[in-house]
Amino acid sequence: MELTGRDFDRIPRGNVRVPVVEFARMWLAAERQYEQDKTWANYGVVETCRWLAGATVPSRFGGGRVPSAPVTHRSGLAHEETIEAEALAAEVLLLRQPEPAWLASQPGWLPAVVKTLAWAWRRSGVPPLEVPAPRQG
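Just so it is clear, the structure is predicted and the values come from calculations on it, not from any experiment.

Caption draft 1: Geometry of the nonpolar core. Grouped together as the largest cluster of nonpolar side chains are 37 residues, with contacts concentrated most on Ile11, Phe23, Trp27, Leu110 and Leu117. Secondary structure elements with two or more residues in this core: α2 (20-36), α3 (40-53), α4 (80-95) and α6 (109-120). The leading source of residues in this core is α6, at eight residues. Aside from chain neighbours lying at most four places away, what touches Trp27 is Met1, Leu3, Asp7, Phe8, Ile11, Cys49, Arg50, Ala53 and Ala55.

Caption draft 2: Looking closely at the side chain of Thr82. Its location among the elements puts Thr82 in helix α4. A distance of 2.9 Å separates a polar side-chain atom of Thr82 from the backbone nitrogen of His79. Apart from residues lying up to four places away in sequence, Thr82 is in contact with Trp51, Arg74 and Leu77.

Caption draft 3: Region of interest: α6. An ideal rise of 1.5 Å per residue puts 16 Å on 12 residues; α6 measures up with 16 Å between its terminal C-alpha atoms. With nine of 12 residues buried, α6 is to be regarded as a mostly interior element. Among all positions in α6, only Trp109, Leu110, Ala112, Val113, Val114, Thr116, Leu117, Trp119 and Ala120 are buried. Of the surrounding elements, those touching the buried residues of α6 are α2, α3, α4 and α5 (101-104).

Caption draft 4: Region of interest: the packing of α2 against α6. Packing of α2 against α6 brings their axes to within 11 Å, and their N-to-C directions diverge by 160°. The angle between α2 and α6 places the two elements in the roughly antiparallel class. Here Glu22, Phe23 and Met26 of α2 come into contact with α6, specifically with Thr116, Trp119 and Ala120. Looking at the contact of α2 with α6 residue by residue, the class counts come to four nonpolar, one polar and one charged.

Caption draft 5: View of unusual backbone geometry. Note that the residue after Gln97, namely Pro98, is joined by a cis bond; omega there is -5°. By the element assignment, Pro98 lies in the loop between α4 and α5. Residue His73 is not a glycine yet carries a positive backbone phi of 60°. Looking at where His73 falls in the secondary structure, it is placed in the loop between β2 (64-65) and α4. According to the relative accessible area criterion, His73 is exposed, its value standing at 55%. Notably, Arg123 is not glycine yet its phi reads approximately 55°, a positive angle.

Analysis parameters
- For every chain, the first residue of the written sequence is number 1, and numbering continues from 1 along that sequence.
- At least 70 in pLDDT is required for a residue's local features to be given in this predicted model, at least 80 for side-chain atom pairs to be given and counted, and no such filter applies to totals for whole chains, interfaces and linings, which use all residues.
- The side-chain values count all of the structure's non-hydrogen atoms but skip hydrogen atoms and water molecules.
- To form a nonpolar core, buried Ala, Val, Leu, Ile, Met, Phe, Trp, Tyr and Cys residues must be joined to one another through side-chain atoms within 4.5 Å.
- With a 1.4 Å probe rolled over the protein chains alone, any residue whose accessible area is under 20% of its type maximum counts as buried; one over 50% counts as exposed, and the rest are partly exposed.
- Helical segments are the DSSP runs of H or I of at least four residues, strand segments are the runs of E of at least two, and each set is numbered from the N terminus.
- Whether two residues are in contact is decided by their heavy atoms: any pair within 4.5 Å suffices.
- Counting of polar contacts relies on pairs of N or O atoms within 3.5 Å, with two restrictions inside protein: one atom must be capable of donating a hydrogen and the other of accepting it, and residues adjacent in sequence are counted only when both atoms are side-chain atoms.
- Working rule for helices: expected span equals 1.5 Å times residues minus one.
- Each axis is a line fitted through C-alpha atoms, taken for helices only over the stretch in contact, and angles between the N-to-C directions span 0 to 180 degrees.
- If an angle is under 35 degrees, it is roughly parallel; if it is over 145, roughly antiparallel; if it lies from 65 to 115, roughly perpendicular; otherwise it is oblique.
- All amino acids are sorted into three groups, where Ala, Val, Leu, Ile, Met, Phe, Trp, Tyr, Cys and Pro are nonpolar, Asp, Glu, Lys and Arg are charged, and the leftover types, Gly among them, are polar.

And the structure:
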């Protein structure tokens, strides 16, 4: 997905608890990494960022749509209550034993979602991906 300054300007300030510019830089790095390496882990980060940002994503039927929440698949824009519920649902799913078969077939996806939500929403830990330092000059 190609991101523009307009995408970053539209990130709802209440949807992330890290500085919006840090979130935007990480989201851009995630999109670029996913374009180069389409792993489940990279997709988990991108999917979560898109949902938090309220991005418009391509629809398989043409046009665009609002992304669903990554774990619960709730439709509609993310907001404080749904983000907290999503973070809890992701953590519970991460602890579920035995691991559901569908989840085992998507290695790295759920830990990436949990890590992204922990960093962006709970301000816990580090960004889910290494983000290049901004260029000077």
